[in-house]
8 protein chains.
Amino acid sequence: MEQAREILEKLKNGEISVEEAEQYFRSEPFHEMGFAKLDTHRELRSGFPEVIYCAGKPDDYLVSIYKKMVEADGRAFGTRATKEQFELVRAEISDITYDPVSRILKVERVQSEGIGLVAVCCAGTADIPVAEEAAQTAEYFGTKVERVYDVGVSGIHRLLSKVELLQSANCVIAIAGMEGALASVIGGLVRNPVIAVPTSVGYGASFEGLSALLTMINSCANGIAVVNIDNGYGAGYLATQINRLAEK
Amino acid sequence: MEQAREILEKLKNGEISVEEAEQYFRSEPFHEMGFAKLDTHRELRSGFPEVIYCAGKPDDYLVSIYKKMVEADGRAFGTRATKEQFELVRAEISDITYDPVSRILKVERVQSEGIGLVAVCCAGTADIPVAEEAAQTAEYFGTKVERVYDVGVSGIHRLLSKVELLQSANCVIAIAGMEGALASVIGGLVRNPVIAVPTSVGYGASFEGLSALLTMINSCANGIAVVNIDNGYGAGYLATQINRLAEK
Amino acid sequence: MEQAREILEKLKNGEISVEEAEQYFRSEPFHEMGFAKLDTHRELRSGFPEVIYCAGKPDDYLVSIYKKMVEADGRAFGTRATKEQFELVRAEISDITYDPVSRILKVERVQSEGIGLVAVCCAGTADIPVAEEAAQTAEYFGTKVERVYDVGVSGIHRLLSKVELLQSANCVIAIAGMEGALASVIGGLVRNPVIAVPTSVGYGASFEGLSALLTMINSCANGIAVVNIDNGYGAGYLATQINRLAEK
Amino acid sequence: MEQAREILEKLKNGEISVEEAEQYFRSEPFHEMGFAKLDTHRELRSGFPEVIYCAGKPDDYLVSIYKKMVEADGRAFGTRATKEQFELVRAEISDITYDPVSRILKVERVQSEGIGLVAVCCAGTADIPVAEEAAQTAEYFGTKVERVYDVGVSGIHRLLSKVELLQSANCVIAIAGMEGALASVIGGLVRNPVIAVPTSVGYGASFEGLSALLTMINSCANGIAVVNIDNGYGAGYLATQINRLAEK
Amino acid sequence: MEQAREILEKLKNGEISVEEAEQYFRSEPFHEMGFAKLDTHRELRSGFPEVIYCAGKPDDYLVSIYKKMVEADGRAFGTRATKEQFELVRAEISDITYDPVSRILKVERVQSEGIGLVAVCCAGTADIPVAEEAAQTAEYFGTKVERVYDVGVSGIHRLLSKVELLQSANCVIAIAGMEGALASVIGGLVRNPVIAVPTSVGYGASFEGLSALLTMINSCANGIAVVNIDNGYGAGYLATQINRLAEK
Amino acid sequence: MEQAREILEKLKNGEISVEEAEQYFRSEPFHEMGFAKLDTHRELRSGFPEVIYCAGKPDDYLVSIYKKMVEADGRAFGTRATKEQFELVRAEISDITYDPVSRILKVERVQSEGIGLVAVCCAGTADIPVAEEAAQTAEYFGTKVERVYDVGVSGIHRLLSKVELLQSANCVIAIAGMEGALASVIGGLVRNPVIAVPTSVGYGASFEGLSALLTMINSCANGIAVVNIDNGYGAGYLATQINRLAEK
Amino acid sequence: MEQAREILEKLKNGEISVEEAEQYFRSEPFHEMGFAKLDTHRELRSGFPEVIYCAGKPDDYLVSIYKKMVEADGRAFGTRATKEQFELVRAEISDITYDPVSRILKVERVQSEGIGLVAVCCAGTADIPVAEEAAQTAEYFGTKVERVYDVGVSGIHRLLSKVELLQSANCVIAIAGMEGALASVIGGLVRNPVIAVPTSVGYGASFEGLSALLTMINSCANGIAVVNIDNGYGAGYLATQINRLAEK
Amino acid sequence: MEQAREILEKLKNGEISVEEAEQYFRSEPFHEMGFAKLDTHRELRSGFPEVIYCAGKPDDYLVSIYKKMVEADGRAFGTRATKEQFELVRAEISDITYDPVSRILKVERVQSEGIGLVAVCCAGTADIPVAEEAAQTAEYFGTKVERVYDVGVSGIHRLLSKVELLQSANCVIAIAGMEGALASVIGGLVRNPVIAVPTSVGYGASFEGLSALLTMINSCANGIAVVNIDNGYGAGYLATQINRLAEK
């Protein structure tokens, strides 16, 4: 009920069009697909379209979800896709694209220029897949992104050479595996929020990212919050929320 | 070096006064106290004054830090203080105040009205100390705060009755112990960032907050990031950063 | 000894037939197969026939157990079977069926209509294999089941749209991976028992289901108990016990 | 909204009185106390009155909650209370009683005879506090309880001497610390559900109950579900739900 | 030095032959193979020949160790061997035998009748590989073994039917995965030592045997000690030591 | 039933007296004390009298158990007792004795000379309380004990100077905290079983004995089995079983 | 035996005096005190006198060890002492001194100037007790020490202002709790070894120092090794070994 | 800035040549490759050239890094390489060599004789890959190495036969999996630093090296520090630093 009022207020304030408001009142809040319930009101409610977590989805579920979303929206965005899934969906949607580094599988027929600025930093080259998931997610959601890679704390001069860039961003995403110390050092250098992403990069006592996660959660620097191990998508989403607030 | 340039640019843009810029160039970047190095440039650099983590500080260190900061700044803010520490410092600084719920020990001679809006939610009454640490931290840093307490997910109607308030905030702080499910439900209801704070409230397999921490880190909802167990201060700081960006 | 008396009382009360009672006294309490001891009195004792955990069983053991059970009982039910095991057993028992989603491998020559009502809910599509194991187990044991899938707490309106159905069930099975918050929310909405099943769905700090297990064990809602990670079978069994008590 | 309909149907079916239905429509669904939101519709909704978790509640909160509940309902039931809390509340409510073994603090002006049967078993004498919390909770909620204490599996004849009693119960609560094997053995002996409660009794590698929790969650027996370490209350609640279904 | 004296005393007491004593004084205490140091005095010192842990040994190391040992001793015994390793070594030693269940790869040209009695029990059929490793190890070292398989505690009557056998053994090996409760129940039934072997059988929260290990270490029964997860060999060795002492 | 036959056979073989057999048939297998079931047949069955775990026992339970046992048997043996418990029980049983190092509280009116030999070794002086619990337990049960203390592996010459003594024992108990390496070194030096007891001695990453437990469970030496952290009693019991077998 | 030769060679090379060599051959390699074996040859063997770990030592053991060591050597050095232990020992040895910060209790009648240089760095003021334990240990063993405190990575300019000092040390000790990132940053700045000491400073997910330990063990920088949580003593010892090698 | 001065001082003291100093001032401190920042000043700064961690590097990144480094330096050294990576890089750099045991992939056109002495010890043959990584790393960096393999503590005479060699080394690397006790025993035998490397060798409760890591971190011996599980490279690097200091 509250949402109805919110929609109407948005309409009145010009935040949404009559068509968008109409879509809300004409449709069910989710589309029942039997095995899934597609959240058709999600963008109206949250400002973000629904996104597909491809890992482990049965082939037929995956294809029908992509088709349904492209049909409805003209675009679709999925994470953790394999090359096999790419080929499968491409048989149905010919203009779908796949990036083997970030493992993002998307249809994006219209591209907008990004707003604001988010800096995506990572400690080593092995962290780049997570960094690209974060960067491309933020870009898909309309954020301007700068990449600052291979700036791990064991050679601090590489990071210090980029301080000005980091200080100019509305939000910094700090991505690191192994000991994960990057977030704390960045947290001490900037005035805006830092989103820390531990990665599963490492071996031995890195315990698949647990060590980096604990480092980041215990950071002695202020202004840092943490998302799940390897969760580039989540960081890109949250950075976009913050960037939008700053550019509002 | 970069900082010097930044200071000068801020001066030119009117973001800081000549006096503030002068302070930067006249003083060392930190004040050496032997056992500690007070970060005298911190507010210029980060927009936030330094804060005192009182837990476990030897008595004489604590008192001299409070005195030094009040002298320099006319205010001081400490967390995790005990009643004994309060009495100790009050002997030197008579207008210091102490809140036994949040355990915040502060001198705040001028109070400003808060800007923007941050909602601080907690699941149960036992989470209130952490919630108050978050709320009062944000308020000290100039943020307007609304408190929404005892809205745990096992009685979801209590939370749903507050949805409009949550949706109007620039940032929501979601605080819960035990199973920590509150953050996920809120994350699905709002469009702005959610900062999740696991608390050590619970018993048995809650493992002093580890269970809630894992719940929050694994949240299936988007737009959620997590700070350390019981770290109300960190959440209040980060929420303030986001709130300032939104109100800029 | 007590069991003998119990059997006789059941016979007198008409709960079992003379043939069933005779079977008890004529046979050993288990059938020694060398590598295994088939529990031939199990159904008399517990009301449930023995079930086969197929995972990791050597091929020849598996086939001889299925043959022995179908011979004795005209039916057999196994969980965690692979497609290869299905083909192996089908060579001996032609009317055996296999469901690749639930991985249940069964011979069921007579199907009865279920009694009562158990609702099987799951948070995401990746949890469906566990949900189907639970649902089909309960159905095999004679329970009527309603499936409510893809109702994770990050879009709470999907779950709320099904409240009446959940409230009408004798028992609700709540299945979720990642942060596992579904059980707590359902626990607050219904008056009958909730059986929570954590799943190994997730990544990073979900630790193969440990995070969801901890969430569910620590639930702040009442009337919830937890079975092992991915243990759909156990939940279906327990729900059937409760459903039978309710429909007695 | 669904709840309104449910209330009306209950009224029509004679399950609740006009007064009770009136209470629903006249009152808010919860009573806002500032620091807490008392769930005034809980018994209508779940069939159970709200219960107070006393541990760590500030004194003034505790007293006002007890007073509010006794005023509204003529009774109140709290767990994990200390002797100091008892004395504090007794100053306001003279007929309150406290059991130092179970640590239950309650006002119960009318006592009803229990229905059905729940058996509460524990492995050793050190588990008795948890067992009494379970037993007294179930009794408060109207269940008939039989206690079977000190029947740990290392002297299996003690348990076997009680099999008939266990088999006659609608539900068995199995409570054990250390290695927690009791639940598995009972699970193999009865046909009704077993609720397993790990306790923090033990030392060394029992890790405050974690060992017993893992044992119970991994039980090879069927029909067992687990609640949190030391959560006698949760087991008593769930057993009552099952017992009510059986006696309906 | 002490060993020299011990050897001489053994010779004098007739415990070893002149040839054996001579071997001690003529040879180095170990045979340096570059990558390994074969312990040539081991049997004199410990009463047990050296045994080969095959898992992960490079092919050429493995073959040369088997050859060296068979040359020196006319026998060799290895655990955790694969079928590939069997074929590799068989190319050099034609009378070597391999058991795919226990994964033992051995040359045993003379077989002696076992002495005393050790009972090897396991909870389920999936534990048989570990049980066979234990049983065959004990047999190789000269112990008489009785196997008691599929006697898990969830059907306690199967175990109770074998109590007399267990009570007649000098030592009982109790092998179980999942919740591992078998050891505690056996410990309460016999008067001789119980060696508990947790197995990695199970899923979910069994954590590859950790759950069973914790159960067994925390056993409330007396006379139980634990070896590593899946360490059938270690249990067979220790049981042989105890059996020898009893039969001395 | 099997036990009855066993008792009769023991009587026939002269292992027990007519009085002892009579006690079995005249009494119940356990004495019901309400809060506890004293195992009155235990010594007949296992060869060991029941022992009292004093930690956490309510005062009145403790006193009545000691009184009951001394009455029945003329002796009683309890572990983990406090000085307060000693004084409490002494008020009722004047000849009870207490050792503050081992924390053993016992009545032992007749002392027998020990048989065989068990060596009790510990790594450091801080492990002595556990070592004394082990040694005094074994002595109470009739075992001759030699103590070898402060022989940690960081000064291996101290241990090597005692090798002959260790080699002459039927069983060695190896007790160590911190890194717990003592058991492995002893295991390589002796031919009889080694019972390893991890202790909670240490700090930091010793995690209250978990580190030592893992070390001992993973020992590369043969003939080692492990009991719970700080479980001197369990080691003394098991060593006595082995020693009795050897001296039979 | 090898040691004897080593002693003689040292004597010949003038590394030890005739008196020291004589002491070796006249005395036993350890002094048996019943509860302990004092390692009288330790300094000859390792170059370091034995040190007393005071925590948890019974009073009479502690006093007699201090007396024995001062008698033999004219000095004694103990760690983790309490004020009560200080007073106890002072009653016997009047010139003993105690530092409440480092908790070091020592008799040091002759002080030598330190050689070489070790830098002891710590992240926050709460780490100072561990830092002082490290610094004073190194000084006692003859090392020159520079202290660099409160240089945590969240304000990296404080650390960078000390780089030259760190680069001039033979070894740097890096001490930090919480997220423990200090060691990685220092490791990237210096060419000599870094010894990392995690501390138990922190709260929540710092898990008493485990988080910092994992950070340091996983460091992406080279030339870092880690000692136990809070083990300032161990770091001071190892740094002295390295410093001596450098100054040889 | 400090580094510039340091370079100039080194030039003046003849520690570096004019050409090396020139390289510092003419080049950037790192070479930006887009996906990576090659640290071109590293050897000047740390005395060690940059090393390549091959595991998981994308093929094209790997090849271009090797080419870039060989071009610049005439040598390159990588760890954790696969045979496939070897073949890939060999296509571009024909004189590259690969050792399948240590998995080191290197170009080393000029070989120098090593200085000083480091002893590399390992407990079992399965630890040899880690030992070779350590040994070959140290050798590449100019250290003389002695290998002492298969000296696990369960046959202590093998280790004791090598004591003199260990005592003559400037640093001992102690490598062990399973229970990891080797480091403690060596630590008690030598006067120079011991670097302990836990390996992932083992099974069951070895938890992929965690058990050995905890053993080593908790060592009761002095002069031991620990690197990450399987981190032979890190140990070889640190041992070289210590060896260089000793040979300076």
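Residues numbered from 1 in each chain as written. Chains lettered and ligands numbered in written order. Predicted model: local features only at pLDDT ≥ 70, side-chain atom pairs only at ≥ 80, totals over all residues. Heavy atoms only, no water.

From N to C terminus, chain A includes eleven helices and eleven strands. For the C-alpha atoms alone, the extent of chain A along its principal axes is close to 55 × 45 × 30 Å. Residues classed as buried in chain A amount to 64% of the 248 residues present. Of the roughly 9100 Å² of accessible surface on chain A, 50% is carried by carbon and sulfur atoms. For chain A, the distance from the average site of its 24 positive side-chain charges to the average site of its 34 negative ones is 2 Å. (Helix = DSSP H or I, 4+ residues; strand = E, 2+ residues; numbered from the N terminus. Buried < 20%, exposed > 50% of the residue type's maximum accessible area, 1.4 Å probe, protein only. Areas by Shrake-Rupley, 256 points an atom, 1.4 Å probe, with all protein chains shown as cover. Lys, Arg positive; Asp, Glu negative; His and termini not counted. Charge placed at Lys NZ, Arg CZ, Asp CG, Glu CD.)

Moving on: the sheet that holds strand β3 (residues 52-53) of chain F. Residue and element names in this part refer to chain F. Spatially, β3-β4-β6-β5 is the arrangement adopted by the four strands of the open sheet, whose pairing is mixed. Strands with a single pairing partner mark the edges of an open sheet, and in this sheet they are β3 and β5 (97-99). Both β5 and strand β6 (residues 104-108) contribute to a ladder of three bridges, which runs antiparallel. Paired with D99 across the strands is I104, a residue of β6. Here helix α4 (residues 59-73) sits on the sheet in contact with β3, β4 (75-79) and β6, set at roughly 145° to β4. (Pairing = 2+ DSSP bridges. Contact = heavy atoms within 4.5 Å. Axes fitted to C-alpha atoms, helices over the stretch in contact; angles between N-to-C directions.)

With that out of the way, let us pick up the pattern of salt bridges. A complete count under the given rule lists 72 salt bridges over all chains for this structure. The shortest N-O distance in the salt bridge between E132(C) and R147(C) comes to 2.7 Å. Placement of E132(C) in helix α6 (residues 128-140) and of R147(C) in strand β8 (residues 143-148) is noted, with a sequence separation of 15 residues between them. When the shortest N-O distance is used, the salt bridge between R158(F) and D150(F) registers 3.8 Å. (Salt bridge = Lys/Arg side-chain N within 4 Å of Asp/Glu carboxyl O.)

With respect to burial, strand β6 (residues 104-108) of chain A is a largely interior element, four of its five residues being buried. A loop of four residues connects strand β5 (residues 97-99) of chain A with β6(A), the two strands running antiparallel in sequence, and R103(A) in this loop sits at a positive phi of about 60°.

Quick look at the packing of aromatic side chains now. Residue and element names in this part refer to chain A. The full count for this structure, using the stated rule, is 80 aromatic pairs over all chains. By the ring-pair criterion, three or more aromatic residues cluster together here, those being F48, F77, Y140, F141, Y233 and Y237. For R244, the ring lying beneath its charged end belongs to F48, and the centroid distance is 4.2 Å. (Phe/Tyr/Trp six-rings, centres within 6.5 Å; stacked < 30°, edge-to-face > 60°. Lys NZ or Arg CZ within 6 Å of the ring centre and 35° of its normal.)

With that settled, the discussion passes to the relation of the copies chain D and chain C. Superposing chain D onto chain C requires a rotation of 180° together with a translation of 0.0 Å along the rotation axis, leaving an RMSD of 0.1 Å. Expressed as an axis order, the relation between the two copies is that of a two-fold axis. A share of 100% of interface residues in chain D that are also interface residues in chain C marks the association as one of identical surfaces. (Least-squares fit on C-alpha atoms with pLDDT ≥ 70 in both.)

This part is about the interface of chain D and chain C. On the chain C side, the residues contacting the 37 residues of chain D number 37 residues. Interface of chain D and chain C: buried area, both sides summed, is about 3400 Å²; carbon and sulfur atoms make up 49% of it. Three residues stand out in chain D for area buried against chain C, namely R191(D), N222(D) and L245(D), and they jointly supply 21% of the buried area on that side. There are zero salt bridges connecting chain D and chain C. The tally of links from chain D across to chain C stands at seven residue pairs in polar contact (both at pLDDT 80 or more). (Buried area = accessible area lost by both parts, 1.4 Å probe. Polar contact = N/O pair within 3.5 Å; in protein donor to acceptor, adjacent residues only side chain to side chain.)

All names here are of chain A. Across the interface, helix α4 (residues 59-73) lies against helix α5 (residues 83-90) with an axial gap of 10 Å and an inter-helix angle of 55°. Regarding the angle of α4 to α5, the classification is oblique. In the packing of α4 onto α5, the handedness of the crossing is right-handed. Contact residues: α4 offers D59, L62, V63 and Y66, while α5 offers Q85, L88 and V89. (Parallel < 35°, antiparallel > 145°, perpendicular 65-115°, else oblique. Left-handed = near helix turned anticlockwise from the far one by under 90°.)

Residues and elements named next belong to chain E. With respect to the helices and strands, the residue R45 is situated in helix α3 (residues 42-46). Taking relative accessible area as the criterion, R45 reaches 9% and is therefore assigned buried. Linking R45 and Q167, residues 122 residues apart in sequence, is a C-alpha distance of 32 Å.

Relative to the assigned elements, L214(B) resides in helix α10 (residues 210-217). Exposure remark for L214(B): the relative accessible area of 6% places this residue in the buried category. Once residues lying within four places of it in the same chain are set aside, the contact partners of L214(B) are A205(C), F207(C), S211(C) and L214(C).

For interface size, the figure often reported is the accessible area lost on association. Contact residues are listed per partner, giving 37 residues for chain B and 37 residues for chain A. For the pair chain B and chain A, the summed buried surface comes to about 3400 Å²; carbon and sulfur atoms form 49% of the total. For the chain B face of the interface with chain A, the top three residues by lost area are R191(B), N222(B) and L245(B), together amounting to 21%. Counting every contact that joins chain B to chain A gives zero salt bridges. Contributions of two or more residues to the side of chain B that touches chain A are made by α1 (2-12), α3 (42-46), α8 (163-168), α10, β11 (224-226) and α11 (232-247) of chain B. Ranked by residue count, the leading element in the side of chain B that touches chain A is α11(B), at seven residues. When the residues that make up the side of chain B that touches chain A are grouped by side-chain class, the tally is 15 nonpolar, twelve polar and ten charged. (Nonpolar A, V, L, I, M, F, W, Y, C, P; charged D, E, K, R; others polar.)

The two copies are related by a screw motion: chain B maps onto chain A through a turn of 180° and a shift of 0.0 Å along the axis, at an RMSD of 0.0 Å. By residue overlap, the copies meet face to face through one surface: 100% of the interface positions of chain B are interface positions in chain A.

Time to look at the sheet that holds strand β3 (residues 52-53) of chain E. One key point about sheets: their strands pair by backbone hydrogen bonds, in either a parallel or an antiparallel sense. Residue and element names in this part refer to chain E. Read from one edge to the other, the open sheet built from four strands follows the order β3-β4-β6-β5, with strand pairing classed as mixed. Strands with a single pairing partner mark the edges of an open sheet, and in this sheet they are β3 and β5 (97-99). Here strand β4 (residues 75-79) runs beside strand β6 (residues 104-108); their pairing, made up of four bridges, is antiparallel. If you follow F77 over to β6, its bridge partner there is K106.

Residue and element names in this part refer to chain H. For helix α6 (residues 128-140), which comprises 13 residues, the first-to-last C-alpha distance of 18 Å matches the rise-based estimate of 18 Å (1.5 Å per residue) to within 8%. In terms of burial, α6 is largely enclosed, as eleven of its 13 residues are buried. Looking at the residues trailing α6, positive phi occurs at G142, about 95°. (Expected span 1.5 Å × (residues − 1).)

With that out of the way, let us pick up α10(B). The element α10(B) is largely enclosed, with a buried count of seven among its eight residues. The complete set of buried residues in α10(B) reads S211(B), A212(B), L213(B), L214(B), T215(B), M216(B) and I217(B).

Another aspect to go through is the pairing of strand β7 (residues 115-122) of chain F. All names here are of chain F. Burial within β7 is extensive, with six of its eight residues counted as buried. As paired strands, β7 and strand β8 (residues 143-148) are joined by five bridges and run parallel to one another. Bridge assignment links I115 to a residue of β8, and that residue is T143. In this view, the connection linking β7 to its parallel neighbour β8 by way of helix α6 (residues 128-140) has right-handed handedness. The pairing of β7 with strand β9 (residues 171-176) spans five bridges and is parallel. Its bridge partner lying in β9, V118 is registered against C171. (Right-handed = clockwise from strand over helix to strand, strands pointing away.)

All names here are of chain A. Domains assigned within chain A are domain 1 (2-107) and domain 2 (115-247). The C-alpha-based centres of domain 1 and domain 2 are spaced at 27 Å. Taken together, the contacts link 16 residues of domain 1 with 15 residues of domain 2. Looking at the side of domain 1 facing domain 2, the largest losses of area belong to F48, F77 and R80, adding up to 42% of the total buried there. On inspection of domain 1 and its partner domain 2, the count reaches one salt bridge. Here E133 ties to R80 by a salt bridge, and the two come within 3.2 Å at their closest N and O atoms. At the junction of domain 1 with domain 2, the criterion picks out five residue pairs in polar contact (both at pLDDT 80 or more). Residue assignment for the side of domain 1 that touches domain 2 shows that the elements contributing at least two residues are β4 (75-79) and β6. (Domains from an automatic or database assignment.)

The next subject is unusual backbone geometry. With phi around 60°, D150(E) is a residue other than glycine that occupies positive phi space. With respect to the secondary-structure elements, D150(E) resides in the loop between β8 (143-148) and α7 (156-160). Positive phi, normally seen in glycine, also occurs at R103(F), with a value near 60°. In this fold, R103(F) is placed in the loop between β5 and β6.

Caution applies to low-pLDDT regions: their predicted coordinates should not be interpreted in detail. Counting all residues, the mean pLDDT for chain A is 90, and 92% of those residues have values of 70 or more. Here the prediction assigns the complex a pTM of 0.92, and the interface score ipTM is 0.90. (pLDDT = per-residue confidence, 0-100.)

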